[in-house]
Amino acid sequence: MNRSDGLVRRAVKPRENGAEGGGGGLNANTPDDNQDTLDSNKDQEDNIDDGDSKETRLTLMEEVLLLGLKDKEGYTSFWNDCISSGLRGCILIELGLRGRVMIEKSGMRRRGLCTRKLILKSDQQTGDVLLDEALKHIKETDPPETVQSWIEYLSGETWNPLKLRYQLKNVRERLAKNLVEKGVLTTEKQNFLLFDMTTHPLNNNVVKCRLVKKIQDSVLSKWVNDPQRMDKRMLALIFLAHASDVIENAFAPLNDDDYEVAMKRVRELLDLDFETEAAKPNANEILWAVFMAFTK
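Residues numbered from 1 in each chain as written. Predicted model: local features only at pLDDT ≥ 70, side-chain atom pairs only at ≥ 80, totals over all residues. Heavy atoms only, no water.

## A word on the packing of helix H3 (residues 83-97) against helix H4 (residues 129-140)
Turning to step 1, where the next piece is worked out: Where H3 contacts H4, the two axes come as close as 10 Å, and the packing angle between them is 80°. When the axis of H3 is compared with that of H4, the two are roughly perpendicular. Contact with H3, carried on its side by Ile91, Leu92, Glu94 and Leu95, involves Leu131, Ala134, Leu135 and Ile138 of H4 and no other residues of that element.
Turning to step 2, where the next piece is worked out: A breakdown of the residues in the contact of H3 with H4 according to their chemical character gives 7 nonpolar, no polar and 1 charged. (Axes fitted to C-alpha atoms, helices over the stretch in contact; angles between N-to-C directions. Helix = DSSP H or I, 4+ residues; strand = E, 2+ residues; numbered from the N terminus. Parallel < 35°, antiparallel > 145°, perpendicular 65-115°, else oblique. Contact = heavy atoms within 4.5 Å. Nonpolar A, V, L, I, M, F, W, Y, C, P; charged D, E, K, R; others polar.)

## Looking at the sheet that holds strand E1 (residues 101-103)
Turning to step 1, where the next piece is worked out: Spatially, E1-E2-E3 is the arrangement adopted by the 3 strands of the open sheet, whose pairing is antiparallel. Taken across any chain shown, the strands that pair with only one partner, and hence form the sheet edges, are E1 and strand E3 (145-146).
Turning to step 2, where the next piece is worked out: Note that strand E2 (residues 117-120) and E3 share 2 bridges and pair antiparallel. Of the residues in E3, the one forming a bridge with lysine 117 is threonine 146. (Pairing = 2+ DSSP bridges.)

## Looking at the nonpolar core
Turning to step 1, where the next piece is worked out: Of all hydrophobic cores here, the largest spans 78 residues; its most connected members are Phe251 and Trp288.
Turning to step 2, where the next piece is worked out: Here this core takes 9 residues from helix H8 (residues 232-243), the largest share from any one element. (Core = buried A, V, L, I, M, F, W, Y, C linked by side-chain atoms within 4.5 Å. Buried < 20%, exposed > 50% of the residue type's maximum accessible area, 1.4 Å probe, protein only.)

## Describing helix H10 (residues 256-270)
Turning to step 1, where the next piece is worked out: Look at H10: 21 Å from first C-alpha to last across 15 residues, which is about the 21 Å you get at 1.5 Å a residue.
Turning to step 2, where the next piece is worked out: Tyr259, Ala262, Met263, Val266, Leu269 and Leu270 are the residues of H10 that are buried. Mapping the buried residues of H10 onto a view down its axis gives an arc of 115°, with all of them on the same face.
Turning to step 3, where the next piece is worked out: At the N-terminal end of H10, a side-chain oxygen is found 3.1 Å from the backbone nitrogen of aspartate 257, two or three residues along, and the residue is asparagine 255. (Expected span 1.5 Å × (residues − 1). Arc of directions from axis to C-beta. Polar contact = N/O pair within 3.5 Å; in protein donor to acceptor, adjacent residues only side chain to side chain.)

## Here we look at the side chain of arginine 116
Turning to step 1, where the next piece is worked out: The residue arginine 116 is located in the loop between E1 and E2 in this model.
Turning to step 2, where the next piece is worked out: You can call arginine 116 buried: its relative accessible area is 5%.
Turning to step 3, where the next piece is worked out: A distance of 2.8 Å separates a polar side-chain atom of arginine 116 from the backbone oxygen of glutamate 104.
Turning to step 4, where the next piece is worked out: Excluding residues within four positions of it along the chain, arginine 116 makes contact with Ile103, Glu104, Lys105, Ser106, Arg111, Thr146, Val147 and Glu285.

## As for the pattern of salt bridges
Turning to step 1, where the next piece is worked out: Evaluation of the coordinates by the stated rule reveals 14 salt bridges.
Turning to step 2, where the next piece is worked out: Where glutamate 62 meets lysine 182, a salt bridge forms, and the shortest distance between an N and an O atom there is 2.8 Å. Of this pair, glutamate 62 sits in helix H2 (residues 60-68) while lysine 182 is found in the loop between helix H6 (171-181) and strand E4 (188-192), placing the two residues 120 residues apart along the sequence.
Turning to step 3, where the next piece is worked out: When its relative accessible area of 1% is taken as the criterion, glutamate 62 is described as buried.
Turning to step 4, where the next piece is worked out: By relative accessible area, lysine 182 is classed as partly exposed at 23%.
Turning to step 5, where the next piece is worked out: Members of the salt-bridge network, linked through shared partners, are Glu94, Arg98 and Arg233. (Salt bridge = Lys/Arg side-chain N within 4 Å of Asp/Glu carboxyl O.)

## Looking at the environment of proline 227
Turning to step 1, where the next piece is worked out: By the element assignment, proline 227 lies in the loop between helix H7 (205-219) and H8.
Turning to step 2, where the next piece is worked out: Looking at proline 227, the relative accessible area reads 13%, which means it is buried.
Turning to step 3, where the next piece is worked out: Along the sequence, proline 227 and alanine 283 sit 56 residues apart, while their C-alpha atoms lie 9.6 Å from each other.
Turning to step 4, where the next piece is worked out: Once you skip the residues sitting within four places of it in the chain, proline 227 turns out to touch Leu235, Leu269, Leu272, Glu277 and Trp288.

## Notes on H8
Turning to step 1, where the next piece is worked out: Its 12 residues place the ends of H8 16 Å apart at the C-alpha level, agreeing with the 16 Å of an ideal helix rising 1.5 Å per residue.
Turning to step 2, where the next piece is worked out: Across the 12 residues that make up H8, a large majority, 10, are buried.
Turning to step 3, where the next piece is worked out: The backbone nitrogen of arginine 233 lies 3.2 Å from a side-chain oxygen of the residue at the head of H8, namely aspartate 231.
Turning to step 4, where the next piece is worked out: Of the residues one or two after H8, aspartate 245 is the one with positive phi, at around 60°.

## Section: the packing of aromatic side chains
Turning to step 1, where the next piece is worked out: If you walk through the whole model with that rule in mind, you get 9 aromatic pairs.
Turning to step 2, where the next piece is worked out: Taken together, a centroid distance of 5.2 Å and an interplanar angle of 50° make the contact between tryptophan 150 and tyrosine 166 tilted. Taken together, the residues tryptophan 150 in helix H5 (residues 147-155) and tyrosine 166 in the loop between H5 and H6 connect sequence positions 16 residues apart. In terms of burial, tryptophan 150 and tyrosine 166 fall into one category: buried. (Phe/Tyr/Trp six-rings, centres within 6.5 Å; stacked < 30°, edge-to-face > 60°.)

By themselves these figures say nothing about function.
Written out as structure tokens, the structure is:
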């Protein structure tokens, strides 16, 4: 499979005047004894940084699902058969970023990422039901399994009947309910001729707009041209949004020039040598192991 598969060009949108403006750089704050000024600066930061609010702090799984949901209809595309495994990849990376799991050492034989096992680092619960359920499965499995195997087990896409008990069920619905609790989505019932379906239309457009802008900025105004210097969570979000076939939804609003630049930079990330990147100092190996699993 080509790593750039799934990068489908969106419908052309006419370019608007002034679309190129804005560098998106961060301004350094100067120390000031005036408390009112400090409070004002903090208020501005709170308005643009969704991470400052517990209600809008999203997990990787929730961000990928939010990108894939149709705003008004409240469900993902019926033709998207990638998002299920993509969400399981999000779960493994979330556990890795939270210090619960890791990739075993390469050893003297210098084994590749795809053959090394995912091992438990800490069994302390995260407070997230899906993450803790996956963590419990990983803890109980002996001998350990590879990242590729865990994506298949958690998705239920395995031929081994003994591993079907590891499947995480109703993941999309459970994530959508989390987003409802956070005020991002709402819940409705829709009739589809022969059956009724629970849907979750967008309730808070600000959160999704911030998410989309954050992804756009990471490959445009805040592009650093070095994956090791990128925020690990943002790097994971870009890869997993692509693996889930929802990255297009973040770039569709861009004008033609910015769209081409954004897609080109995503392709550059997809074409990286994951083994080499994982071997670099301070690299998070589980990120690259998950990325590699989706290119097999």
